[in-house]
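Observations on the three-dimensional arrangement
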Amino acid sequence: MFFRRKNRNSESSTAAVEEPLPQTLDARSLEADGKLFEAIDLLTEANRAGRNPQLERELRRIRHLAGIELLENAPAEPSFPDADVEVPARGEQSLCPEITPDQLTPELVRAAFLEAGCLLVRDLMDDEKALKLAADIDRSFEIRDALGEGESDPDGYYDEMEPEPPFRIPEREWVEEGGGVLALDSPRMLFDMLDAFENANLRGVIEGYMGEKPAISAQKCTLRKAMPEVSGGWHQDGKFMGEVRSLNVWLSLSRCGDVAPSMDIVPVRLEDFVEIGGEGTYLDFQISDATAEKAAGDIGVVRPIFNPGDALLFDHLFLHQTGSDPSMPNPRYAIESWFFGPSKYPENYVPIAF
Ligand SMILES: O=C(O)CCC(=O)C(=O)O
């Protein structure tokens, strides 16, 4: 069942056809007083107590307003924490420093990035939640395909975000072609994702790492299904995002690396961008296999095996590609969620507070 709105995907038109819940009204009072983060906390608690798509859409709207506020009030010179801690041992297969969520600290993230370019957190999300989110990705694809002009999904599996002017999201078609859905276009999955991150203490850890309250973006927060027959392309995300302070939480929602596409990675710290172009490249930011292998040095290129709920943290200098092979029997589901320091936020991206 879908319901009709006056204007497609307009947040205000949703309110026009729905009676606001008491918690929505309370959150709007906080919003009117400029207390956006308190409104986020109130709506989050209310939705934890009893899920409601209206609360999830409202949360998305207020997170966006709070994201704009973060950009407007960004600190001048935030700094990363001292990396004066021991870097955890590299996993035998992944060759990445590996930890469990209880070990996560901003200092450890920094130390691991400086040594290996990344940090692997096993079981950041529990299996059941991860597999449910993977199934929800398929559901959001089906609903997106079924929706006609002027229709929206009342359960929030697919409900396109309309950002505040002058922000725009021109990347939707490209994301869809790549087998993805923007997390911001699914208020339901956005809630699940951020709630799981908060439960794993990522809010505090990322803020401590950045030295400023982080913001995600509509454009670089994607839920994706990777097919074995679709090959990857080596890249460093900073090459097309400009000068940023960033941390990506790449969260696997499937077993992958053996039975489904994983990521191929260069688990070493790169202090700069490597050479683009060369054999097999076709995008202007792409890097050849030979350059990736050279950058990996003695450690070598690796395709880690992830279980549902395992997360790889890295920043915009990390060299990686989708690691697929047509002989793999399964697709892989994952979330790519880039957090940015508002002091160096990528131009034209739509800010969303965490
Ligand atoms: O999910 C993938 O295979 C690619 C992800 C990626 O390139 C990224 O997170 O930056």
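About the thresholds
- Chains are numbered independently. Their residues run from 1 in the order of the written sequence.
- Two thresholds apply to this predicted model, a pLDDT of at least 70 for residue-level local features and 80 or more for giving and counting side-chain atom pairs, whereas whole-chain, interface and lining totals are computed over all residues.
- In this analysis, residues qualify as near a molecule or strand once their C-beta atom, positioned from backbone atoms, comes within 6 Å of it.
- Runs of H or I in DSSP of at least four residues are treated as helices and runs of E of at least two as strands, each being numbered from the N terminus.
- Multiplying 1.5 Å by the helix residue count minus one yields the expected span of that helix.
- To assign burial, the other C-beta atoms lying within 10 Å of each residue's own C-beta are counted, with C-beta atoms placed from the backbone; 20 or more indicates buried, 12 or fewer indicates exposed, and intermediate counts indicate partly exposed.
- Confidence of the predictor in every single residue is expressed as pLDDT, which spans 0 to 100.
- Distance between backbone-placed C-beta atoms decides contact: two residues are in contact if it is within 7 Å.
- The pairing criterion for strands is at least two bridges between them, as found by DSSP.
- Under the definition applied here, buried Ala, Val, Leu, Ile, Met, Phe, Trp, Tyr and Cys residues are grouped into a nonpolar core through C-beta atoms within 7 Å.

**Here we look at the site of the ligand**
Close to the ligand lie Arg224, Ala226, Asp237, Asn248, Trp250, Met263, His320, Thr322, Ala334 and Glu336, which account for all nearby residues. Breaking the shell around the ligand down by element, the ones donating at least two residues are strand 7 (221-226), strand 8 (246-252), strand 11 (320-323) and strand 12 (332-340).

**Here's the deal with helix 8 (residues 187-199)**
The first and last C-alpha atoms of helix 8 sit 18 Å apart over 13 residues, in line with the 18 Å expected at 1.5 Å per residue. Within helix 8, 10 of the 13 residues are buried, leaving the element largely enclosed by the surrounding structure. Taken together, the buried positions of helix 8 are Pro187, Arg188, Met189, Leu190, Phe191, Asp192, Met193, Leu194, Ala196 and Phe197. Once helix 8 finishes, asparagine 201 follows within two positions and takes phi at roughly 65 degrees, a positive value.

**Points about the confidence of the model for the protein**
Of all residues in the protein, 95% have pLDDT values of 70 or greater, and the mean over the chain is 94. Low pLDDT, under 50, characterises residues 1-15; the stretch is placed with 31 contacts to residues that sit more than four places away or in other chains.

**Observations regarding the pairing of strand 7**
In the case of a regular strand, side chains alternate between the two sheet surfaces. Burial of strand 7 is extensive: 5 of the 6 residues sit out of reach of the surface. Two strands pair when backbone bridges link them, and strand 5 (residues 180-182) and strand 7 are joined in this way by 3 bridges, in the antiparallel orientation. Within the sheet, the bridge partner assigned to glycine 180 lies in strand 7 and is arginine 224. Where strand 7 and strand 12 come together, 6 bridges link them in antiparallel fashion. In the strand pairing of strand 12, threonine 222 is matched with glutamate 336.

**Comments concerning the pairing of strand 12**
Along strand 12, 8 of the 9 residues are buried, which leaves the element largely enclosed by surrounding structure. Pairing geometry for strand 8 and strand 12, over 7 bridges, is antiparallel. The partner of leucine 251 across the bridge, within strand 12, is isoleucine 335.

**Structural notes on the environment of proline 97**
Following the sequence through the fold, proline 97 ends up in the loop between helix 4 (53-72) and strand 2 (98-99). Expressed as a C-alpha distance, the spacing of proline 97 and lysine 239, which sit 142 residues apart in the sequence, is 25 Å. For proline 97, the residues in contact, after removing those within four places along its chain, are Val87, Pro88, Ala89, Arg90, Ala112, Ala116, Leu119 and Leu120.

**A look at the nonpolar core**
Core analysis: the largest hydrophobic core is formed by 86 residues, its most contacted members being Leu43, Cys118, Leu119, Leu251 and Leu313. For this core, the leading source of residues is helix 8, giving 7 residues. Residue contacts for leucine 313: discarding those within four places in its chain leaves Val109, Cys118, Leu119, Val121, Leu247, Asn248 and Val249.

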